[in-house]
Amino acid sequence: MSERVVLPRRRALRLLAATPLALAGCGEAVRALDAGVAAPDAGAGGADAAVCRPSGRDALGPFFEEGSPMRMVIAAPDEAGERLLVEGSLLDAADCARPLAGYVIDVWQADVDGNYHAAGASGHRLRGRIATGADGRFALETIKPGFYETGAGPRPAHLHLRVYAPDGGDRLVTQVYFAGDAFLGAADSCGPPTCFSNDPDRIMTLEPARVGGRDGLRGALRLVVAA
Ligand SMILES: [Fe+2]
């Protein structure tokens, strides 16, 4: 059973009215993050090696669920959509160099049609957790998600990520976007201070690649968090 993102207008208005923070018409819910999470405008600094900044946060959204299985392939073989390989590294914000091993990255996303799927009813469809290796690296195989409409307008395609330290401490809640998406930045119905699809450090450029034995896409991602 899938969850549609589009809320009935009456329910959406009720949610907005009950939310202490202004959502600016955004369909994503806001949650306070633990200390150590980056300021909204901070990026991973990937374009400027001289600047070391923690990766920027983004909205948690309403579809996060605890308890996803540990697995690097979160899309079943018959999941519709282009196969996507994300090759990532997780680094210490103290120097943007020390790899963070044994951290866990929780990933959840919409399917190619922009629908999220409840974990229990779908066998954790398009959900999973990945541990970083000794070199801080991780890899994720999935499908490229579709964009979706909220009551306020479109959201660009994105992956949701949540990073935990080995002791379980929450380090980062963010979203990762894709270069060339027509709904990035000003066209995103969820903008600052809630969503940050204008952050270039979290916009992946994809290239054709063989993924899981099929033609697909590949992108690199660097995440920087306080250890
Ligand atoms: Fe989302």
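Residues numbered from 1 in each chain as written. Predicted model: local features only at pLDDT ≥ 70, side-chain atom pairs only at ≥ 80, totals over all residues. Heavy atoms only, no water.

This brings us to the overall build of the chain. Broken down by element type, the chain carries two helices and 13 strands. In the chain, which comprises 227 residues, the share counted as buried stands at 48%. Considering only intrachain contacts with a sequence separation of at least 6, the fraction spanning at least 24 residues in the chain is 72%. For the chain, the exposed surface amounts to about 10,200 Å²; the carbon and sulfur share of it is 55%. (Helix = DSSP H or I, 4+ residues; strand = E, 2+ residues; numbered from the N terminus. Buried < 20%, exposed > 50% of the residue type's maximum accessible area, 1.4 Å probe, protein only. Contact = heavy atoms within 4.5 Å. Areas by Shrake-Rupley, 256 points an atom, 1.4 Å probe, with all protein chains shown as cover.)

For the rest of this paragraph, the subject is the packing of aromatic side chains. Per the counting criterion, the structure on display carries four aromatic pairs. When the centroid spacing of 4.5 Å and the interplanar angle of 5 degrees are considered together, the rings of Phe63 and Tyr116 count as stacked. Of the two residues, Phe63 sits in the loop between helix H1 (9–18) and strand E2 (83–92) while Tyr116 sits in strand E4 (residues 116–117), which places them 53 residues apart along the sequence. Exposure class is identical for Phe63 and Tyr116. Each is buried. Members of the aromatic cluster, each reached through a chain of ring pairs, are Phe63, Tyr116 and Tyr148. (Phe/Tyr/Trp six-rings, centres within 6.5 Å; stacked < 30°, edge-to-face > 60°.)

Another aspect to go through is the sheet that holds strand E13 (residues 214–225). Here we have four strands laid out as an open sheet, ordered E6-E2-E13-E12, and mixed in their pairing. The open sheet has two edge strands, strand E6 (137–143) and strand E12 (207–211), and neither has a second partner. Between one strand and the next, the sheet's axes are offset by a mean angle of 40 degrees, whatever the strand orientation. Sheet analysis places E12 next to E13, joined by five bridges and oriented antiparallel. Bridging from a neighbouring strand, Ala209 pairs with Gly216 of E13. (Pairing = 2+ DSSP bridges. Axes fitted to C-alpha atoms, helices over the stretch in contact; angles between N-to-C directions.)

With that settled, the discussion passes to the coordination of the iron ion. Protein ligation of the iron ion involves Tyr116 (OH), Tyr148 (OH), His158 (NE2) and His160 (NE2), the donor distances falling in the range 1.9 to 2.2 Å. For the iron ion, the four donor atoms are set out with angles of 89 to 160 degrees between them, so the coordination reads as irregular. Taken in sequence order, the residues that donate to the iron ion follow the motif Y-x31-Y-x9-H-x1-H. Here Tyr148 is found in strand E7 (residues 148–150), whereas its partner His158 is found in the loop between strand E8 (153–155) and strand E9 (159–164), with ten residues between them in sequence. (Donors = N, O, S within 2.8 Å, 3.2 Å for Na, K, Ca; no water. Tetrahedral: all angles 85-135°; square planar, octahedral: opposite > 155°, others 65-115°.)

Next up on the list: the sheet that holds E9. In space, the five strands of this open sheet follow the order E5-E3-E9-E10-E11, with mixed pairing throughout. Single-partner strands in this sheet number two, and they are strand E5 (127–131) and strand E11 (203–204). Two strands pair when backbone bridges link them, and strand E3 (residues 104–109) and E9 are joined in this way by six bridges, in the antiparallel orientation. What sits directly across from Val107, in E9, is Leu161.

This next bit is on the environment of Gly102. As for its position among the elements, Gly102 is in the loop between E2 and E3. Gly102 sits 64 residues away from Pro166 along the chain, and the two C-alpha atoms are 5.7 Å apart. Setting aside residues up to four positions removed in sequence, Gly102 forms contacts with Thr132, Gly133 and Pro166.

Take the pattern of salt bridges next. Using the criterion set out here, one finds 13 salt bridges in the structure. Of the charged contacts, one joins Arg125 and Asp111 as a salt bridge, the two residues approaching to 3.8 Å between their closest N and O atoms. Taken together, the residues Arg125 in the loop between helix H2 (119–122) and E5 and Asp111 in the loop between E3 and E4 connect sequence positions 14 residues apart. The exposure class of Asp111 is buried, given its relative accessible area of 5%. Salt bridges sharing partners connect three or more residues here, namely Asp58, Asp199 and Arg202. (Salt bridge = Lys/Arg side-chain N within 4 Å of Asp/Glu carboxyl O.)

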